[in-house]
Each structure stands twice: as structure tokens, then as C-alpha cells.
Amino acid sequence: MNLQYLADHAGNVTGVFIPIQEWEGIRKQLHLPDESQKTLHRQELLEAFEQMKMVKEGKIPKPNLNDFLNEL
């Protein structure tokens, strides 16, 4: 692995640079989401919060448990 260490003005190591190809391999091994998956999860959460707001305001009916589980 070809790592590059980053240091501050005093010579203290503050970070490590990992080449992107090596990072992608590590990310896959650890099952970490990529940026597009993070964006999708964020959008899904925002939609869920908006739906809950609408339920609280009485604009849409409360979902029942079966409907909720079927969406999973």
C-alpha cells in the first residue's frame, strides 16, 4: 500500500493519504457506502420526515404496520 503521511508545521502527523484505488478496495471490504448511496439514504430520510410531518398535520393518514413492513 502506497501511503503518504500528512504533517503539520511542527512535524506532527495529522493524516494519511490513501490512493483512491486502494481506498475503494478498503471501502468494499468494509462494506462502506459510497457517496451516491449516502445521498440516496439522506433523500429517503428527508422524505420520511416530510411524511411524518404531514401525518401530524392530518394531511395524510397514519400508515399501518403492514404497509410499513411491506415497504422494507
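These numbers come from a predicted model, not from an experiment.

K.L.:
What is the right way to look at the overall build of the protein chain in this model?
P.N.:
If you tally the helices and strands in the protein chain, you get 3 helices and 2 strands. Reading the protein chain from its N end, one meets helices and strands in the order β-β-α-α-α. A compact globule built from 72 residues would reach a C-alpha radius of gyration of about 11 Å, whereas the protein chain, at 21 Å, exceeds it by more than 25%. Overall size of the protein chain, expressed as C-alpha extent along the three principal axes, is 60 × 30 × 15 Å. In the protein chain, buried positions account for 4% of the 72 residues. Sequence-distant contacts, at least 24 apart, represent 3% of the contacts inside the protein chain between residues at least 6 apart. For the protein chain, the exposed surface amounts to about 6,800 Å²; the carbon and sulfur share of it is 57%. Each charge class in the protein chain was averaged separately, 8 positive and 11 negative side chains, and the resulting centres sit 7 Å apart.

K.L.:
Where do I start with the environment of Glu-24 in this structure?
P.N.:
Along the polypeptide, Glu-24 turns up in helix H1 (residues 20–29). Looking at Glu-24, the relative accessible area reads 29%, which means it is partly exposed. In this structure, the C-alpha to C-alpha distance between Glu-24 and Asp-34, residues 10 residues apart in sequence, is 8.9 Å.

K.L.:
In this structure, what is going on with the pairing of strand E1 (residues 4–7)? I would like to understand it.
P.N.:
Side-chain positions along a regular strand alternate between the two faces of the sheet. Here E1 runs beside strand E2 (residues 13–17); their pairing, made up of 4 bridges, is antiparallel. Along E2, the bridge assignment pairs Gln-4 with Phe-17. Linking E1 to E2, which pair antiparallel, is a turn of 5 residues; within it Gly-11 sits at a positive phi near 90°.

K.L.:
Just to check I follow, could you spell out a nonpolar patch on the surface for this structure?
P.N.:
Together, Ile-20, Trp-23, Leu-30 and Leu-32 give the surface a local cluster of nonpolar side chains, amounting to about 380 Å² of exposed area. The topology assignment puts Leu-30 in the loop between H1 and helix H2 (35–56).

K.L.:
Please explain the side chain of Arg-27 as it appears in this structure.
P.N.:
Among the secondary structure elements, Arg-27 is positioned in helix H1. For Arg-27, a relative accessible area of 12% translates into the label buried. Sequence-distant contacts of Arg-27, defined by excluding residues within four places in its chain, comprise Leu-32, Pro-33 and Asp-34.

Calculation rules
Residues numbered from 1 in each chain as written. Predicted model: local features only at pLDDT ≥ 70, side-chain atom pairs only at ≥ 80, totals over all residues. Heavy atoms only, no water. Helix = DSSP H or I, 4+ residues; strand = E, 2+ residues; numbered from the N terminus. Rg over C-alpha atoms; globule rule 2.2 N^0.38 Å. Buried < 20%, exposed > 50% of the residue type's maximum accessible area, 1.4 Å probe, protein only. Contact = heavy atoms within 4.5 Å. Areas by Shrake-Rupley, 256 points an atom, 1.4 Å probe, with all protein chains shown as cover. Lys, Arg positive; Asp, Glu negative; His and termini not counted. Charge placed at Lys NZ, Arg CZ, Asp CG, Glu CD. Pairing = 2+ DSSP bridges. Patch = residues over 30% accessible without salt bridge, like charges linked within 9 Å, V, L, I, M, F, W, Y side chains within 5 Å. Salt bridge = Lys/Arg side-chain N within 4 Å of Asp/Glu carboxyl O.

Purely spatial values, then, with no claim about function.
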